[in-house]
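Below are the chains, spelled out letter by letter.
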Amino acid sequence: MNINYDMIIAFAFAGALIQEVPLYNRFLDAFSIDVKPFNCALCFTFWMSLGPAFISTGAFAIFNSIIAAVLADLINRQLNRS
């Protein structure tokens, strides 16, 4: 199995941080697409990383995307902790 840890961490941080950017939230509201695949860190990171991971690792892209999505959700929970 070919796991690219740098790519997983990069997509996880990107997915978690994009969810926190106010401009991204305004974009979702403006186009009325404030729904599950776009406003959830886990879902958004999974779909965002699936294409590049497939190009990079082939058939094991699903595993890399799952790991990146779960890591993004954990990062997002830490960012939103009060």
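Conventions adopted
Residues numbered from 1 in each chain as written. Predicted model: local features only at pLDDT ≥ 70, side-chain atom pairs only at ≥ 80, totals over all residues. Heavy atoms only, no water. Salt bridge = Lys/Arg side-chain N within 4 Å of Asp/Glu carboxyl O. Helix = DSSP H or I, 4+ residues; strand = E, 2+ residues; numbered from the N terminus. Patch = residues over 30% accessible without salt bridge, like charges linked within 9 Å, V, L, I, M, F, W, Y side chains within 5 Å. Areas by Shrake-Rupley, 256 points an atom, 1.4 Å probe, with all protein chains shown as cover. Buried < 20%, exposed > 50% of the residue type's maximum accessible area, 1.4 Å probe, protein only. Expected span 1.5 Å × (residues − 1). Contact = heavy atoms within 4.5 Å. Core = buried A, V, L, I, M, F, W, Y, C linked by side-chain atoms within 4.5 Å. Phe/Tyr/Trp six-rings, centres within 6.5 Å; stacked < 30°, edge-to-face > 60°.

Colleague: Looking at this structure, how should I read the pattern of salt bridges?
Modeller: For side chains of opposite charge, pairing can occur when their charged atoms come near one another. A complete count under the given rule lists one salt bridge for this structure. In this structure, Arg77 and Asp73 form a salt bridge, with 3.1 Å as the shortest nitrogen-oxygen distance. One end of the pair, Arg77, and the other, Asp73, are both in helix α5 (residues 61-79), four residues apart, so they sit about a helical turn from each other.

Colleague: Where do I start with a nonpolar patch on the surface in this structure?
Modeller: On the surface, Leu42, Phe60, Ile62, Phe63, Ile66, Val70 and Leu74 cluster together into a nonpolar patch covering about 560 Å² of accessible area. Sort the elements by how many residues they give to the nonpolar patch and α5 lands first, with five residues. Within the element layout of this structure, Ile66 appears in helix α5. Owing to a relative accessible area of 42%, Ile66 belongs among the partly exposed residues under this scheme.

Colleague: What should I look at first to understand helix α4 (residues 41-57) in this one?
Modeller: Owing to its 3.6 residues per turn, the α-helix brings residues three or four apart onto one side. For α4, built from 17 residues, the straight-helix expectation of 24 Å at 1.5 Å per residue is met to within 8% by its first-to-last C-alpha distance of 22 Å. The complete set of buried residues in α4 reads Ala41, Cys43, Phe44, Thr45, Phe46, Ser49, Ala53 and Thr57. Where the residues of α4 are buried, they touch α1 (5-18), α2 (22-30), α3 (36-39) and α5. Just downstream of α4, Gly58 is the residue with a positive phi angle, here 75°.

Colleague: What should I look at first to understand the environment of Pro52 in this one?
Modeller: Counting through the fold element by element, Pro52 comes out in helix α4. In this structure, the C-alpha to C-alpha distance between Pro52 and Met7, residues 45 residues apart in sequence, is 9.0 Å. Not counting residues up to four positions away in its chain, the partners in contact with Pro52 are Met7 and Phe11.

Colleague: Just to check I follow, could you spell out the nonpolar core for this structure?
Modeller: With six residues, the main nonpolar core is built from Met7, Ile8, Phe11, Ala53, Ala61 and Ala68. Mapped by element, the contributors of at least two residues to this core are α1 and α5. In this structure, Ile8 is in contact with Ile3, Asn64, Ile67 and Ala68, ignoring residues within four places of it in sequence.

Colleague: Got a minute to help me understand the packing of aromatic side chains in this structure?
Modeller: One pair of aromatic rings is described through two measures. These are the centre distance and the angle between the planes. Evaluated as defined, the whole model comprises four aromatic pairs. Ring geometry for Tyr24 against Phe44: centres 5.6 Å apart, planes inclined by 50°, an arrangement best described as tilted. Highlighted residues: Tyr24 in helix α2 and Phe44 in helix α4, separated in sequence by 20 residues. Neither residue differs from the other here; Tyr24 and Phe44 are each classed as buried. Here the aromatic rings of Phe60 and Phe63 are separated by 6.1 Å at their centres, their planes lie at 35°, and the arrangement is tilted. Owing to a relative accessible area of 32%, Phe60 belongs among the partly exposed residues under this scheme. Owing to a relative accessible area of 40%, Phe63 belongs among the partly exposed residues under this scheme.

That is the geometry; function is a separate question.
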